Amino acid sequence: MAAMNPQTELRVRTLSIHVVTWNVASAAPPPDLSDLLQLNNLNLNLDVYVIGLQEMNGGIMSLLSDTAFEDPWSSFFMDVLSPLSFVKVSSVRMQGLLLLIFAKYQHLPFIQILSTKSTPTGLFGYWGNKGGVNIFLKFYGYYVSIINCHLPPHMANNDQRLEHFDRILEMQNFEAQDIPNILDHDLILWFGDMNFRIEDFGLHFVRESIKNQCYSDLWEKDQDCWEMGLCLSLQLSIAKRHDPLLREFQEGPLLFPPTYKFDKNSNNYDTSEKKRKPAWTDRILWRLKRQPQAAVHTPTLSAPHFTLFPRSYVSHMLYSISDHKPVTSTFDLELKPLVSAPLITLLPESLCTEESDLLISYSLTADFLSSPWDWIGLYKVFHISSRRACLTSPLSSGRSRELDT
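Because the structure is predicted, anything quoted here is derived from the model rather than measured. (Residues numbered from 1 in each chain as written. Predicted model: local features only at pLDDT ≥ 70, side-chain atom pairs only at ≥ 80, totals over all residues. Heavy atoms only, no water.)

K.L.:
Kindly report on empty space enclosed by the protein, identifying the contributing residues and their values.
P.N.:
Overall, the coordinates contain 4 cavities of 30 Å³ or more when judged by the stated rule. In this structure, the largest cavity encloses a volume near 140 Å³. Lining the largest cavity are 14 residues, with Ile17, Val48, Leu137, Phe139 and Ile146 sitting closest to its centre. Looking at the lining of the largest cavity, the elements with two or more residues in it are strand 2 (48-54), strand 4 (97-104), strand 6 (127-139), strand 7 (142-150) and strand 8 (187-193). Per-class residue counts for the lining of the largest cavity are 14 nonpolar, no polar and no charged. (1 Å grid on protein atoms, 1.4 Å probe; cavity = no way out; pocket = protein on both sides within 12 Å on 5 of 7 lines; lining within 4 Å. Points joined across faces, edges and corners; volume = space filled by probe spheres on them. Helix = DSSP H or I, 4+ residues; strand = E, 2+ residues; numbered from the N terminus. Nonpolar A, V, L, I, M, F, W, Y, C, P; charged D, E, K, R; others polar.)

K.L.:
Give me the lowdown on the confidence of the model for the protein chain, citing residues and values where you can.
P.N.:
With 73% of its residues at a pLDDT of 70 or more, the protein chain has an overall mean of 79. Scored below 50 in pLDDT, residues 221-233 shows 37 contacts in the model against residues more than four places distant or in partner chains. Scored below 50 in pLDDT, residues 294-302 shows 2 contacts in the model against residues more than four places distant or in partner chains. (pLDDT = per-residue confidence, 0-100. Contact = heavy atoms within 4.5 Å.)

K.L.:
So, the environment of Glu170: which residues are in play, and what are the values?
P.N.:
Considering the arrangement of structural elements, one finds Glu170 in helix 4 (residues 158-170). Remark: the alpha-carbon pair of Glu170 and Ile182, spanning 12 residues in sequence, is separated by 9.0 Å.

K.L.:
Help me get a handle on the packing of aromatic side chains, residues and values and all.
P.N.:
A ring pair, where both rings are aromatic, is described by two values, the distance of the centres and the angle of the planes. Across all of its chains, the model carries 13 aromatic pairs by this definition. Aromatic pair Phe76 and Phe77: ring centres 6.3 Å apart, planes at 85°, arrangement edge-to-face. When its relative accessible area of 0% is taken as the criterion, Phe77 is described as buried. Considering the side-chain rings of Phe110 and Tyr140, the 4.8 Å spacing of their centres and the 10° angle between planes classify their relative orientation as stacked. Of the two residues, Phe110 is situated in the loop between strand 4 and strand 5 (111-122) and Tyr140 in the loop between strand 6 and strand 7; the sequence distance between them amounts to 30 residues. In this structure Tyr140 comes out as buried when scored by relative accessible area, which is 2%. (Phe/Tyr/Trp six-rings, centres within 6.5 Å; stacked < 30°, edge-to-face > 60°. Buried < 20%, exposed > 50% of the residue type's maximum accessible area, 1.4 Å probe, protein only.)

K.L.:
Lay out helix 3 (residues 72-81) in plain terms, naming residues and giving numbers.
P.N.:
Of all the residues in helix 3, the buried ones are Trp73, Ser74, Phe76, Phe77, Met78 and Leu81. Packed against the buried residues of helix 3 are strand 1 (13-23), helix 1 (34-37), strand 2, strand 3 (86-94) and strand 4. Between the side-chain oxygen at the start of helix 3 and the backbone nitrogen of Trp73 there is a gap of 3.0 Å, and the oxygen is on Asp71. (Polar contact = N/O pair within 3.5 Å; in protein donor to acceptor, adjacent residues only side chain to side chain.)

K.L.:
Lay out the pairing of strand 8 with the relevant residues and their values.
P.N.:
Counting buried positions over the 7 residues of strand 8 gives 7, a clear majority of the element. Relative to strand 8, strand 7 runs parallel, the two being bridged by 7 bridges. Bridging from a neighbouring strand, Ser145 pairs with Ile188 of strand 8. Across 7 bridges, strand 8 lies against strand 9 (residues 282-288) in antiparallel orientation. What sits directly across from Ile188, in strand 9, is Arg287. (Pairing = 2+ DSSP bridges.)

K.L.:
Requested: an account of the pattern of salt bridges, with residues and values cited.
P.N.:
What the rule picks out here adds up to 5 salt bridges. Across the pair Arg283 and Glu251 runs a salt bridge whose closest N-O atoms are separated by 2.8 Å. Here Arg283, found in strand 9, pairs with Glu251, found in the loop between helix 8 (234-239) and strand 9; they are 32 residues apart in sequence, far enough to count as distant. Since its relative accessible area comes to 8%, Glu251 is described here as buried. (Salt bridge = Lys/Arg side-chain N within 4 Å of Asp/Glu carboxyl O.)

K.L.:
Pulling in residues and values, what's your account of the side chain of Thr259?
P.N.:
Among the secondary structure elements, Thr259 is positioned in the loop between helix 8 and strand 9. Exposure remark for Thr259: the relative accessible area of 0% places this residue in the buried category. Of note is the side chain of Thr259, whose polar atom sits 2.5 Å from the side chain of Asp282. Discounting residues that sit within four places of it in the chain, Thr259 has contacts with Ala279, Trp280, Thr281, Asp282, Ser315, Asp323, His324, Lys325 and Val327.

Structure representation (C-alpha cells):
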C-alpha cells in the first residue's frame, strides 16, 4: 500500500469482532438468536460478525432451493443484522458448510474481498460433506484469512482429522502472484466442528466432571499444550506437540461445558444406546503473523500495529435445536490502518430518481490490486431513525463474488 506521511497517518483503532461456530444438524434457525449474536450486551459495540455453520441441510432439494434463493440461515442473519447497519460483505458455501462475514457499513470502503475458496476432503477429496471454506480479504490494508471447517468424526479417526486439517491448510493458495502465502497473512481465524475428542477418560468420569464443573480435570493432561498456546484436546496436543506451525495457533481457555453430544431439544448429554462421550468438538482458533527477528546489530523495525485480544470464549446452552451447542468468541482487534483513504471513491453526478438512471463516476487508489473480475457493489443500508437509504461501496477482486442489494 502507499506510504502515509505523518500528516495522513491514522491512529490505532480498536475494532470488535464476534465469531460464531455452530453445527446446526440440518435444523432451521430458531426464532431468536439475540444471545448468540450478543444483541442485548450493552457493553459491546461490534464492528464485524464472522459466522460459520456446519451441517446445514444438504439435501438435493434444499441445495437447489438455496441456489435459486437465499438459504434460510443467511436470510435470518441479514434480517436481524441489517437494521443494525451491518452488511453481508461476503459468503461462501460448500454443501453443509456456510461462512458469512458481516461488517458495519462504515468499514466497507476499507474491505477488499480477494478470494473465496472451498476445499472438500470427504470421499478422498471429491465430496464436500467434510472440508473447509475460506474467505480471504484485506481489512484496512492487512491480509486476513477466515476458515470454517468440518473434520471427520469418531474417536478412532484422529489421524484422519489431522490429515484433513493439513490438507485444508495446504490448499489455501492463491492465483495472484502478489498475494502472500496464507502463513504470511496478518491474521488467520480458523474455527468449526473439529471433532477432536477427550481420549483418556471414561464416560462416567467425564460426565461427573462436567456435572461438578471441574473442566480442568478433563484437560489437565493438556497443560503442556496450554503452555504452547494451543488447546485442541489431548488427541491433537499429543499428535502435534512438536509441530511448530500448530503451536502458533492460539485458543481461549475452555471454561464452558463440552458442546457435544446432546439430545436434541434438551440440555442432556447423549442418552441413546451409543451414549457418546461429551467432547469439545466446536472450537475457535487464531494465529497472528510471525514478525521477523532482527539481527543482533540490526536496528529493529517497528512492525505495523496489529494485535488481537480475546474478550470472551463461551458456549450458548440455551439453544437446543442441534446435538451441538454453538460457541462464540469476541475479540478486540487493535490495528493501525495501512490505508488513509477508501480503496474506491464514488462521486454521484446527479440525483437518483425513479424516472432517470443515476450516473456515478469513481476513482481508485493508485496501488489498488486490479483484476479483470473486479466489480463494484452498491449496498442499501437503512437507518432506523429516518428509514432513509444510503449507498456505500466496497470493491472486490476475484472470480467468486456475490452482490447483495
